[in-house]
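The residues making up each chain are set out below.
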Amino acid sequence: MLVLCLPILLGGCGTLPDIEDATTISLKTAYRAPWVPEVDVHGDPDLRPGAMALDGLEASTSCDYLFVFCAAVVVPLSAVTGAVITAADTLPEEEAKLLNGLSAKAAAGLHMPQMFQSVMLSEAIRQGVDIQASGADATVEFVATNLWWEVSIGNQVSLRLTVEARAFHRGEFGRRRLGYRSEPAPIDEWLVGGEKHIRDALESFMPEASEAIWLRVLDRD
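This section reports on the structure supplied with the text. (Residues numbered from 1 in each chain as written. Predicted model: local features only at pLDDT ≥ 70, side-chain atom pairs only at ≥ 80, totals over all residues. Heavy atoms only, no water.)

**Points about the side chain of S158**
Line of reasoning, step 1. Mapped onto the elements, S158 comes out in strand β3 (residues 156-169).
Line of reasoning, step 2. There is a polar contact of 3.3 Å between the side chain of S158 and the backbone oxygen of S182.
Line of reasoning, step 3. Beyond its immediate stretch of four places on either side in the chain, S158 contacts W148, W149, E150, R181, S182, E183 and P184. (Helix = DSSP H or I, 4+ residues; strand = E, 2+ residues; numbered from the N terminus. Polar contact = N/O pair within 3.5 Å; in protein donor to acceptor, adjacent residues only side chain to side chain. Contact = heavy atoms within 4.5 Å.)

**A word on unusual backbone geometry**
Line of reasoning, step 1. Of note, N155 is a non-glycine position whose phi angle comes to about 55°, a positive value.
Line of reasoning, step 2. With respect to the helices and strands, the residue N155 is situated in the loop between β2 (138-152) and β3.
Line of reasoning, step 3. A positive phi angle is found at R170, which is not glycine, with a value near 50°.
Line of reasoning, step 4. Tracing the chain through its elements places R170 in the loop between β3 and β4 (172-181).
Line of reasoning, step 5. With relative accessibility at 64%, the residue R170 sits in the exposed group. (Buried < 20%, exposed > 50% of the residue type's maximum accessible area, 1.4 Å probe, protein only.)

**Let's talk about the side chain of N100**
Line of reasoning, step 1. Tracing the backbone through its elements, the reader meets N100 in helix α3 (residues 93-107).
Line of reasoning, step 2. Side-chain polar atoms of N100 contact the backbone nitrogen of V39, separated by 2.8 Å.

**Structural notes on the packing of aromatic side chains**
Line of reasoning, step 1. A full pass over the atoms with the stated rule returns four aromatic pairs.
Line of reasoning, step 2. Geometrically, the ring pair formed by F142 and W214 is edge-to-face, given 5.0 Å between the ring centres and 75° between the ring planes. Taken together, the residues span a long stretch of sequence, with F142 in strand β2 and W214 in helix α5 (residues 187-217) at a distance of 72 residues.
Line of reasoning, step 3. Looking at W214, the relative accessible area reads 0%, which means it is buried. (Phe/Tyr/Trp six-rings, centres within 6.5 Å; stacked < 30°, edge-to-face > 60°.)

**Re the pattern of salt bridges**
Line of reasoning, step 1. Taken as a whole and judged by the stated rule, the model has twelve salt bridges.
Line of reasoning, step 2. The salt bridge involving R126 is made with E211; its shortest N-O contact spans 3.1 Å. Remark: E211 occurs in helix α5 and R126 occurs in helix α4 (residues 112-126); sequence separation between them is 85 residues.
Line of reasoning, step 3. Here E150 ties to R160 by a salt bridge, and the two come within 2.0 Å at their closest N and O atoms. Taken as a pair, E150 in strand β2 and R160 in strand β3 lie far apart in primary sequence, ten residues in all. With respect to burial, E150 and R160 carry one shared label: buried.
Line of reasoning, step 4. Put simply, E141, E164, R166 and R175 are held in one network by salt bridges that share partners. (Salt bridge = Lys/Arg side-chain N within 4 Å of Asp/Glu carboxyl O.)

**Description of the nonpolar core**
Line of reasoning, step 1. Ranked by size, the top nonpolar core spans 51 residues in total, and within it L99, F116, F142, L161, W190 and W214 carry the most contacts.
Line of reasoning, step 2. When contributions to this core are tallied by element, the ones reaching two or more residues are β1 (25-31), α3, α4, β2, β3, β4 and α5.
Line of reasoning, step 3. Not counting the four nearest positions on each side in its chain, W214 is found in contact with L27, M120, E123, A124, Q127, V129, V140 and F142. (Core = buried A, V, L, I, M, F, W, Y, C linked by side-chain atoms within 4.5 Å.)

Coordinates in, geometry out; function isn't part of it.
So this is what it looks like as structure tokens:
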């Protein structure tokens, strides 16, 4: 059996303490993600056919005396899987470079850490959370860890943000990785719309992401 362990970015790893009943919350944010989203020109090297085939070969060693039979099945299947993933998740190189160039121009002048802090605070207030600078009975921290262009089948492109949420309440500490992906659009729409379209998307994406993240943290989704 071939088992592929892939990260679930939109789901979440780990758990958070229940903060829904917290009277006051101290909010902290940190931004460690790129200021300019980029699309990977070459695809994830760990998911390329050769790398996947090697993983399949290593996995076959668990078959013991059936190693040759397992390898004959698993290695080609792994290579094909890698080829399919790479083809689906990678834009043509010219389009990828154009998108990255437009993104760099669009993000110029945007202070992403400040924007992230602002939208997380605004959404907390909108959700009815009582934010207190000190002495709160719960602490929540959001760390933005990555921002990039995600490619799906048919050269559909979405903005994607990953955030690590950390919370402490009533003696319990927990952390959870969360993510948010915008609605996909064909790469042609992004390129034709130019840097203004991308800038507008970035500015509207952050509030949308903050809402989705808070809803998960407050267990209201």
